[in-house]
Amino acid sequence: MHQTQDSVPPVDPGRGPAAAASQARPEADPGSPRRDGHVEGRDSMEWLGAYFSPKRAPEPENPRERAVALAARLGLAFVDLTEFAVDASVVSLVPDAMARRHIALPIARAGDRIMVAMADPENVIVLDDVAAVLREPVAPVVAEPDAIMAAIDRYHRVDSEVEELASAFAGADAETDQWSQDVDEGVDEAPIIRLVNLIIGQAITDRASDIHIEPMRDELRVRYRIDGVLKTVQSVPRSMIPGVISRLKVMADLDIGERRRPQDGRISVNHSGRTIDLRVASLPTVWGEKVVARVLDSPVASLQLSDLAMLDRNMEVYSSSFSKPYGMILVTGPTGSGKSTTLYTTLAAISKPTVNVITVEDPVEYRMPGINQVQVNPKAGMTFAAALRSILRSDPDIILLGEIRDEETAKIAIESSLTGHLVLSTLHTNDAPSSVTRLIEMGVEPFLVGSALDSVIAQRLARRLCARCRKASTATAEELRIVGAPLTDPLPTVYRPIGCPECSETGYRGRIALHEVMAVDEEIERLASQNAPAAEIAEHAERAGMTRLRMDGWAKVLLGQTSIEEILRVTL
């Protein structure tokens, strides 16, 4: 069987020009036919069978490739929503619930049509529904499903619904279920319930660590702490203040009739299929009760030690400490510096069925399987000291003490570490060396402090640079001088924040911990027993290899993880 010079192999019409081009036969291929039809180097029938058999294009490996392939097949544009400048004025034209149900979002105007990003433009029902709501011609484009959902989360804000809720407040049904705590509910509940659910749901979506609800003279201000920085997200009419505060107190099981003293509680909510806990604290102010809710959304049980992002030397010292069967490890730092996350990550690494782990906390922040967690209850006489004395009779191997607050707790914790238990706890000091003097000031005997302590970690959280938009730059000599880094030639390369839609134009996304890890050696034990000042202990620790917080931050600046401005903001 011979192939004539003018014969053309058939091309699968569904494969496009690229596939057709792939069928071209190079002249130099020894197995290809000559112009006279003779095939060299292989059996002619075998070659023709392989030549005419259809070749299936490889399946795209990730959602982006699949979206690009779908756009190419349909002859539509592909849009990267992490870089596209979305027109916020058209986003709200399609309701949030409908956008999520159809995975479709209006993103811009294109002449007399509205450009709609869709995961499946072939779905004519979705196209018809969106066009019916928009009442304008639709120009579909293709985007990744996850990117569309992230854009919906970003642009369908609570702010746009506050005015509607405020107007509906006067006619709300007082008999509506006040106990519903599903923040993904529909829109049929009472305005106050809906508003509180929106505030909590938006905070979780925005990765906020804290929600601040603050009564002012003329309004109720709502702020989120995102990546360590407070951001005002909306203002609520003052007429809604009593309802919002009461609703939060009901959800947290607090006494709504008590407005003169602080209260603490806890809320569990359902959001996007997850159960998320919030630690709630109320505080009376001159304009009403301020409520702060800490969002406990870290999956600590799945964290790895590598997630702590410690430098090699620091991780070596820390691993050596928690691998011992007894001793005390302290994590120090201000509120919100990630101390609990560090301790729970450590517990996840060392907890196993062969050891008995008991924690005493106020309150229990993260529910962790496989360990025994005790919550302090001062009203019932369950203080830190009382709980610690009790659990020592429960045969523990590892004890996590939420915080060392007073002399009695400190002494029992020290004694526990000296009698065969591994004790992990937190303390409020500015740096690691100060922890030694702080325990002595609490009333613990100096010689016991040196004997019990094995290591101390001081910690701060700095914002992590957005990997998508960070920009390489050269550090200046003045910046090196301020940081305290050595002047080098050439000057080192650092990264600076720029801002993009992915990081909400801040230049940062997420946070990274800065550490100061001090190993307690014989010299520090001697200095502690002599009640030496913190400065003298710090001097020896640095000679022994301890990296101060700012220099740990500088090392992470050089790794491109954070910026010079951030380490100057969070360290001294």
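Above this text is the structure in question.
Throughout what follows, the structure given in this document is the object of discussion.

Definitions and cut-offs
- Residues numbered from 1 in each chain as written.
- Predicted model: local features only at pLDDT ≥ 70, side-chain atom pairs only at ≥ 80, totals over all residues.
- Heavy atoms only, no water.
- Helix = DSSP H or I, 4+ residues; strand = E, 2+ residues; numbered from the N terminus.
- Buried < 20%, exposed > 50% of the residue type's maximum accessible area, 1.4 Å probe, protein only.
- Areas by Shrake-Rupley, 256 points an atom, 1.4 Å probe, with all protein chains shown as cover.
- Phe/Tyr/Trp six-rings, centres within 6.5 Å; stacked < 30°, edge-to-face > 60°.
- Lys NZ or Arg CZ within 6 Å of the ring centre and 35° of its normal.
- Salt bridge = Lys/Arg side-chain N within 4 Å of Asp/Glu carboxyl O.
- Expected span 1.5 Å × (residues − 1).
- Polar contact = N/O pair within 3.5 Å; in protein donor to acceptor, adjacent residues only side chain to side chain.
- Pairing = 2+ DSSP bridges.
- Axes fitted to C-alpha atoms, helices over the stretch in contact; angles between N-to-C directions.
- Contact = heavy atoms within 4.5 Å.
- Parallel < 35°, antiparallel > 145°, perpendicular 65-115°, else oblique.
- Nonpolar A, V, L, I, M, F, W, Y, C, P; charged D, E, K, R; others polar.
- Core = buried A, V, L, I, M, F, W, Y, C linked by side-chain atoms within 4.5 Å.

Observations regarding the overall build of the protein chain
In step 1: The secondary structure content of the protein chain amounts to 21 helices and 18 strands.
In step 2: Considering the protein chain as a whole, with its 572 residues, one finds that 47% of them fall into the buried category.
In step 3: A total accessible area of about 28,400 Å² is found for the protein chain, and carbon and sulfur atoms account for 52% of it.

Remarks on the packing of aromatic side chains
The relative placement of two aromatic rings is captured by the distance of their centres and the angle of their planes.
In step 1: Enumeration over the complete set of coordinates arrives at one aromatic pair.
In step 2: Ring geometry for Tyr 318 against Phe 322: centres 5.1 Å apart, planes inclined by 80°, an arrangement best described as edge-to-face. Linking Tyr 318 with Phe 322, this pair stays in helix H11 (residues 312–322), spanning four residues, or about one helical turn.
In step 3: A residue is classified by how much of its surface remains accessible, and Tyr 318, at 0% relative accessible area, is buried.
In step 4: The class of Phe 322 is buried, set by a relative accessible area of 8%.
In step 5: Arg 470 extends its terminal NZ or CZ atom over the ring of Tyr 495, reaching a point 4.2 Å from the ring centre.

Considerations on the pattern of salt bridges
In step 1: Within this structure, the stated rule accounts for 29 salt bridges.
In step 2: As a salt-bridge pair, Arg 266 and Asp 277 come within 3.1 Å of each other at their nearest N and O atoms. A residue pair is termed long-range when its members are at least 10 positions apart, and Arg 266 in strand E7 (residues 263–271) and Asp 277 in strand E8 (residues 274–285) qualify at eleven residues.
In step 3: For Asp 277, a relative accessible area of 13% corresponds to the buried category.
In step 4: Taking the shortest distance from any N to any O, the salt bridge between Arg 548 and Glu 542 comes out at 3.2 Å.
In step 5: Shared partners join several salt bridges into a network, and the residues in it are Glu 214, Arg 221, Arg 223 and Lys 290.

Describing unusual backbone geometry
In step 1: In this structure, the amide linkage connecting Asp 489 to the following residue, Pro 490, adopts the cis form with an omega of 5°.
In step 2: Secondary-structure assignment places Pro 490 in the loop between helix H17 (477–483) and strand E17 (493–496).
In step 3: One non-glycine residue, Arg 207, adopts positive backbone phi at about 65°.
In step 4: On the secondary structure map, Arg 207 appears in the loop between helix H9 (191–205) and strand E4 (208–215).

Some remarks on helix H14 (residues 407–418)
In step 1: The end-to-end C-alpha distance of H14, which contains twelve residues, comes to 17 Å, matching closely the 16 Å that a straight helix rising 1.5 Å per residue would cover.
In step 2: Buried within H14 are the following residues: Thr 409, Ala 410, Ile 412, Ala 413, Ile 414, Ser 416 and Ser 417.
In step 3: At the N-terminal boundary of H14, the capping side chain belongs to Asp 406, with an oxygen 3.4 Å from the backbone nitrogen of Glu 408.

Points about the sheet that holds E8
In step 1: Read across the open sheet, the six strands follow the order E6-E5-E4-E9-E8-E7; overall the sheet is antiparallel. Taken across any chain shown, the strands that pair with only one partner, and hence form the sheet edges, are strand E6 (229–237) and E7. Taken over all neighbouring pairs, the strand axes of this sheet differ in orientation by 20° on average, direction set aside.
In step 2: In this sheet, strand E9 (residues 288–296) lies alongside E8 in antiparallel orientation, the contact comprising nine bridges. Paired with Arg 279 across the strands is Arg 294, a residue of E9.
In step 3: The sheet contacts of helix H10 (residues 241–251) involve E4, strand E5 (219–226), E6, E7 and E9, and relative to E7 the element is tilted by about 85°.

What to know about the packing of H9 against H10
In step 1: Two elements in contact, H9 and H10, have axes whose closest approach is 9 Å; the angle formed by their N-to-C orientations is 70°. As far as their axial angle goes, H10 and H9 are roughly perpendicular. Where H9 approaches H10, its residues Ile 192, Ile 193, Leu 195, Val 196, Asn 197 and Ile 200 are matched on the opposing element by Gly 243, Val 244, Arg 247, Leu 248 and Met 251.
In step 2: Residues that form the contact of H9 with H10 fall into these classes: eight nonpolar, two polar and one charged.

Side note on the nonpolar core
In step 1: Core analysis: the largest hydrophobic core is formed by 53 residues, its most contacted members being Ile 404, Leu 439, Leu 453, Met 518 and Trp 554.
In step 2: Considering each element in turn, this core owes the most residues, five residues, to helix H13 (residues 384–391).
In step 3: If sequence neighbours within four positions are ignored, Leu 439 has contacts with Leu 330, Ile 404, Ala 410, Ile 414, Leu 427, Val 444, Val 449 and Leu 453.
In step 4: Judged by nonpolar contacts, the second largest core, of 32 residues, contains Val 196, Leu 220, Val 236 and Leu 278.

Here we look at the side chain of Lys 249
In step 1: Relative to the helices and strands, Lys 249 is located in helix H10.
In step 2: Owing to a relative accessible area of 2%, Lys 249 belongs among the buried residues under this scheme.
In step 3: At a separation of 2.9 Å, a polar atom in the side chain of Lys 249 contacts the main-chain carbonyl oxygen of Glu 258.
In step 4: Here Lys 249 is in contact with Leu 254, Asp 255, Ile 256, Glu 258, Arg 259, Gln 263 and Glu 289, once residues within four sequence places are set aside.

Brief notes about the environment of Cys 469
In step 1: Inspection of the secondary structure assignment puts Cys 469 in the loop between strand E15 (453–465) and strand E16 (471–474).
In step 2: Sequence-wise, Cys 469 and Glu 502 are 33 residues apart; in three dimensions their C-alpha atoms are separated by 8.5 Å.
In step 3: Here Cys 469 is in contact with Ile 498, Gly 499, Cys 500, Cys 503 and Gly 507, once residues within four sequence places are set aside.

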